Amino acid sequence: MEASVILPILKKKLAFLSGGKDRRSGLILTIPLCLEQTSMDELSVTLDYLLSIPSEKCKARGFTVIVDGRKSQWNVVKTVVLMLQNVVPAEVSLVCVVKPDEFWDKKVTHFCFWKEKDRLGFEVFEKFTKESTSLLDELALINNGSDKGNQQEKDRSIDLNFLPSVDPETVLQTGHELLSELQQRRFNGSDGGVSWSPMDDELLAQPQVMKLLDSLREQYTRYQEVCRQRSKRTQLEEIQQKVMQVVNWLEGPGSEQLRTQWGIGDSIRASQALQQKHEEIESQHSEWFAVYVELNQQIAALLNAGDEEDLVELKALQQQLSDVCYRQASQLEFRQNLLQAALEFHSVAQDLSQQLDGLLGMLCVDVAPADGASIQQTLKLLEEKLKSVDLGLQGLREKGQSLLDQISNQASWAYGKDVTIENKENVDHIQGVMEDMQLRKQRCEDMVDVRRLKMLQMVQLFKCEEDAAQAVEWLSELLDALLKTHIRLGDDAQETKVLLEKHRKFVDVAQSTYDYGRQLLQATVVLCQSLRCTSRSSGDTLPRLNRVWKQFTLTSEERVQRLETAVAFHSSAEKILQECPEQPEAFNEMDQFDEIEAVGKSLLDRLTVPVVYPDGSEQYFGSPSDMASAAEHIREKMKLVSLKKQQLRQPEATTPES
């Protein structure tokens, strides 16, 4: 039935379900009657719709109907009650009528109403008597069976008769309602006086109901105590059974799993696989640890509310369970820490191996640097890599020693038993890895020493080549200075001798520079032979050095010849010019003057001639103006010599005339 069809009737609120429940958990149906005439058809439709809403389970508990007749006529109330008894007697368990104000004036109607209820009350009495008698027999059988000392009979009674066929609470509630109804009817009848008197069966029913209720309460109290004791014993047995399951698994399969997992792996991948396997083992243990936590809480609750006789057994179970779980958890934690330490050890070993491979690869590649700076940079990088390898090896030793300490301190996997776990393979592996890394590092150090020596030789080679090239530059600069600044020939013999001495010192400097360059080039040859490489010096620097030195030698020789010629010229000229005229006999020979003039002319001619090098090139000393200035001093002195010669000839000419 849809509500939309009967919506106008439902809006009148002829009946409603308030949502409340009675002591039997039955729903309460309220019918509020009003002053206006209530349509029984509409009320019947409303009741049909409301009774179709609850579930079958709720309907089975029955409805308590409250008929509010305070604002309605009594005949309407009676009609509604009769309709409930005839139309929906199965769903209605109790009808409560709120009496109208003029109820006591309606004697005839009152009698008719109770006449209908007499039939209902008698049926309830018979039902209660039957159910209570049967329930008493069942409770007595259960209670007596629980008092026997034979465990087999007790178990049989638990299996067969532990649950009664009907609910004792429901029977007691029915009895109390029946007793209340009988007492109320007796009270109402005695107050009326003449219109109603109780029947003999009704007078005998009340004490019979009271006796049954007393017996039921007594047996039910004993039954509740039996249920409590059996529930406690059952709970204790279940806890003991679960405790033994946890203990047996942890000491059996759990310990066996840990006992078989003793390796640490030989690489990062192997250690990670062992960690994953250990996580699976931990996952299985965590399920049993969760059971342990639950059992521990249950045992704690029983200890707080338990009897004296159960305390010792419960504490023993709790202690046994805690000891086993804590020991197993310690084993799991130790294994996890061991695997983590092994993973860190293999990780450091792998990083160190990669560093050694990189260093070895760097050492295996032949060095072909372009200059000394790149060699220094490569050498610095090599030292940094070697230092990083040293730090990595130190870290590996620390991790390895820590792992060895954990293995040596490994506790037994069994509880209170000496179980020898062969760790020799793990120890040998750890020590083998550290020794192998040490050997690889030592080999790399030896190769680094060789490479360092080679690179230092290469640095020295580049330095020698650079210094040799610098010597060539210096020698070129000396040659250039010789040609451009060493021009003067001196104004007299003394000054010329000083210039000649300075020139010789200048030549000594150039000689030392040349010798230094030659030594550097010889060193490059030796270094190249040691390094088994070709040098640029043999094909470039050495010819340049020899060429510049040859040019310098020729230029220097020309300079020396000019200075020596100038010394001879100045010395002869000064000697003639400084001779006294009173001794003309010293100049009988005029050849000296001719010789001086010839030397002077030769010197002047030499000043105009360039220095010719083996390659055909020519170089002049200084600029033409500088050469003209030097030649001017020679010519002036030649003029003085010529004048002196003329002076000496004049006396010779006057003597024949006389």
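This one's a predicted model, so the numbers in the text were calculated from it and none came from an experiment. (Residues numbered from 1 in each chain as written. Predicted model: local features only at pLDDT ≥ 70, side-chain atom pairs only at ≥ 80, totals over all residues. Heavy atoms only, no water.)

Draft legend 1. Representation of the sheet that holds strand β4 (residues 92-98) within the structure. The four strands lie next to each other as β1-β2-β3-β4, forming an open sheet whose pairing is mixed. Unpaired on one side and paired on the other, β1 (16-21) and β4 mark the two borders of the sheet. Averaged over all pairs of adjacent strands, the angle between their axes in this sheet comes to 25°, without regard to strand direction. Here β1 runs beside strand β2 (residues 27-32); their pairing, made up of three bridges, is antiparallel. Of the residues in β2, the one forming a bridge with L17 is L29. Most of the contacts of helix α2 (residues 40-51) go to β2, to which it runs at about 165°, and overall it touches β1, β2 and β3 (63-68). (Pairing = 2+ DSSP bridges. Helix = DSSP H or I, 4+ residues; strand = E, 2+ residues; numbered from the N terminus. Axes fitted to C-alpha atoms, helices over the stretch in contact; angles between N-to-C directions. Contact = heavy atoms within 4.5 Å.)

Draft legend 2. Geometry of the pattern of salt bridges. Evaluation of the coordinates by the stated rule reveals 17 salt bridges. The partner of K463 in a salt bridge is D467, with the nearest N and O atoms 3.8 Å apart. Of this pair, K463 and D467 both sit in helix α12 (residues 424-485), four residues apart, roughly one helical turn. Look at D467 and you get buried, because its relative accessible area is 18%. One salt bridge connects R544 with E473, and the closest N-O pair in it is separated by 3.2 Å. With R544 in helix α14 (residues 537-578) and E473 in helix α12, this residue pair connects regions lying 71 residues apart in the sequence. Look at E473 and you get partly exposed, because its relative accessible area is 37%. (Salt bridge = Lys/Arg side-chain N within 4 Å of Asp/Glu carboxyl O. Buried < 20%, exposed > 50% of the residue type's maximum accessible area, 1.4 Å probe, protein only.)

Draft legend 3. Seen up close, the packing of α12 against helix α13 (residues 493-531). Viewed as axis vectors pointing N to C, α12 and α13 meet at an angle of 155°, and their least axial separation amounts to 8 Å. Looking at the two axes, α12 sits roughly antiparallel to α13. When you trace α12 past α13, the crossing you get is left-handed. Across the contact of α12 with α13, the residue classes tally to 21 nonpolar, seven polar and three charged. (Parallel < 35°, antiparallel > 145°, perpendicular 65-115°, else oblique. Left-handed = near helix turned anticlockwise from the far one by under 90°. Nonpolar A, V, L, I, M, F, W, Y, C, P; charged D, E, K, R; others polar.)

Draft legend 4. Here's a closer look at the side chain of D68. Here D68 shows up in strand β3. Here D68 falls in the buried class, since its relative accessible area comes to 18%. Among the polar contacts listed, one links the side chain of D68 to the side chain of R70, at a separation of 2.9 Å. Excluding residues within four positions of it along the chain, D68 makes contact with I31, P32, L33 and V98. (Polar contact = N/O pair within 3.5 Å; in protein donor to acceptor, adjacent residues only side chain to side chain.)

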